[in-house]
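Single-letter residue listing:
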Amino acid sequence: MANRQNSENEFQRAQQVIPGGVNSPARAFGGVGGTPVFIDRGEKQYLFDIDGNRYLDYVGSWGPHILGHNHPAIVGALEAALPSGTSFGAPTVRESELAELIVDAVPSIEKVRMVNSGTEATMSAIRLARGYTGRDGVVKFAGCYHGHVDSLLVQAGSGALTLGTPSSPGIPEGCTRDTHVLEYNDVESLIQLFSEAGEKIACVILEPVVGNMGVVAPTTEFLKALRPLCTQHGAVLIFDEVMTGFRVAFGGAQERFGITPDLTTLGKIVGGGLPVGAYGGKTEIMNSVSPVGPVYQAGTLSGNPLAMASGVATLRTLKESNPYPQLEEKTTKLVSGLDEIATSLGIPHSVAQVGSMFTFFFNPEPVTSFAVSAKNDTEKFSKYFHGMLDRGVYLPCSQFEANFVGAEHTDEDLEQTLKAAREVLQEISTSP
Ligand SMILES: *Cc1c(COP(=O)(O)O)cnc(C)c1O
């Protein structure tokens, strides 16, 4: 087993001054046990920890690094921007450049506003949908994560039509009173909800491919039902493409599936590793945002020049290199390899893949909703995770996350990953 003593020590130190030693709970290894690995640096497909261990990275900072770490185009853009200053609180040309790249790439976006995180993007999109429609109701789906927005941190109630309850202390009942929670891919419930409460619903928000309960693909029937139902009832359809944007296709899931939402939220890849979020859509709706319209939304550091430089370099590189066909091919190779190994060892499992997002589920059922994902064998996953980590493969530290293949992953990397997985899954299949 690799020596990670420095990480152990630093984790002790961090816990003295940072809650749980981390600035986002997903990093804390809570789902798998053990000590988080402290990273020294990233290079292409690799992470290096502070003990000098090297890992093949399938997390990519939870999505942004589709081009790998330390990409020369992004580093170059940042180096070029830095001497001019870090923030002005006044318009800069790069904001329009990034906005134009986004409008050009994402089919439904005519105008876009920059913010600083995915959470800020979804929070603002919900407010805009409510302000634009003059309605309060929000529909979300269990297992979809939209950042830590008060009105969206809800648990499903009992029946399909029950309203959600807060899933965290500190969120008043009032914040979630108007949030309906349905099962993903459940068209019947959506139709029923609209027929009973359609005139009160401001918006439907979803991950068009879910990454946050492990990868779950939408059924064709579900995707096809959303657009006409929202149109018919005057509700705003919001695609939360913070993860899928520039990931499952350059134009996101809406390009891949040919469905046009009213609003789209972006994050992760759009900033190329710097803190950027964005929300955009039809001009008519976006013109409700301040200062053109009455819906207030602002940000001291929004459109930050360094963040914009990183985003512009990332999107330009993706547009020019079009890595998507190869990414998908590599991911398919990896996922079918994992599937074969697990099948040959008799390990109950299923796999899910859309583009370069994938999850290996310790669950014999195909995962189509949160109700199914809740049955994943998390104990087996913990063993798998630690076994892979010890063999130099860095996976998301939870069964309920998406894994990402990036442009820098080579065929050799995939083979090395499969070799490690074979050893670890072999151990799991023979342990009691
Ligand atoms: C990561 C994510 C968010 C939240 O973005 P942050 O930048 O972490 O605030 C929102 N929605 C989806 C689909 C995400 O994957």
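Residues numbered from 1 in each chain as written. Predicted model: local features only at pLDDT ≥ 70, side-chain atom pairs only at ≥ 80, totals over all residues. Heavy atoms only, no water.

(A) Here's a closer look at the environment of Ile 74. Along the chain, the position of Ile 74 falls in helix α2 (residues 72-81). Looking at Ile 74, the relative accessible area reads 8%, which means it is buried. Measuring from C-alpha to C-alpha, the distance between Ile 74 and Gly 272 comes to 7.4 Å, with 198 residues separating the pair along the chain. Once residues lying within four places of it in the same chain are set aside, the contact partners of Ile 74 are Leu 67, Gly 272, Ser 310, Ala 313 and Thr 314. (Helix = DSSP H or I, 4+ residues; strand = E, 2+ residues; numbered from the N terminus. Buried < 20%, exposed > 50% of the residue type's maximum accessible area, 1.4 Å probe, protein only. Contact = heavy atoms within 4.5 Å.)

(B) View of the state of the cysteines. Under the counting rule described, the total for this entry stands at zero disulfides. Cysteine Cys 175 is unpaired, with the sulfur of Cys 203 as its nearest cysteine sulfur at 15 Å. (Disulfide = S-S within 2.5 Å.)

(C) Spatial organisation of the site of the ligand. Surrounding the ligand, one finds Ser 117, Gly 118, Thr 119, Tyr 145, His 146, Gly 147, Glu 207, Asn 212, Asp 240, Val 242, Met 243 and Lys 268. Here an oxygen atom of the ligand sits 2.9 Å away from a polar atom, N or O, in the main chain of Gly 118. The separation between a nitrogen atom of the ligand and a polar side-chain atom of Asp 240 is 2.7 Å. In isolation the ligand offers 380 Å² of accessible surface; the protein chains occlude 83% of this area. Looking at the shell around the ligand residue by residue, the class counts come to three nonpolar, six polar and three charged. (Near = heavy atom within 4 Å. Polar contact = N/O pair within 3.5 Å; in protein donor to acceptor, adjacent residues only side chain to side chain. Areas by Shrake-Rupley, 256 points an atom, 1.4 Å probe, with all protein chains shown as cover. Nonpolar A, V, L, I, M, F, W, Y, C, P; charged D, E, K, R; others polar.)

(D) Expanded view of the pattern of salt bridges. Under the counting rule described, the total for this entry stands at 14 salt bridges. Among the salt bridges present, the one from Arg 316 reaches Glu 97, with a minimum N-O distance of 3.8 Å. Linking Arg 316 in helix α10 (residues 305-321) with Glu 97 in helix α3 (residues 93-105), this pair joins segments that are 219 residues apart in sequence. The shortest N-O distance in the salt bridge between Lys 319 and Asp 104 comes to 3.0 Å. Of this pair, Lys 319 sits in helix α10 while Asp 104 sits in helix α3, and the two are 215 residues apart along the sequence. We classify Asp 104 as exposed; its relative accessible area is 56%. (Salt bridge = Lys/Arg side-chain N within 4 Å of Asp/Glu carboxyl O.)

(E) Focus on the sheet that holds strand β2 (residues 46-49). Read from one edge to the other, the open sheet built from four strands follows the order β1-β2-β3-β15, with strand pairing classed as mixed. Because the sheet does not close on itself, it has two edges, and the strands there are β1 (39-43) and β15 (393-394). Note that strand β3 (residues 54-57) and β15 share two bridges and pair parallel. Counted as the bridge partner of Asp 57 is Tyr 394 from β15. Relative to the sheet, helix α14 (residues 411-430) contacts β2, β3 and β15, its axis offset from that of β3 by approximately 105°. (Pairing = 2+ DSSP bridges. Axes fitted to C-alpha atoms, helices over the stretch in contact; angles between N-to-C directions.)

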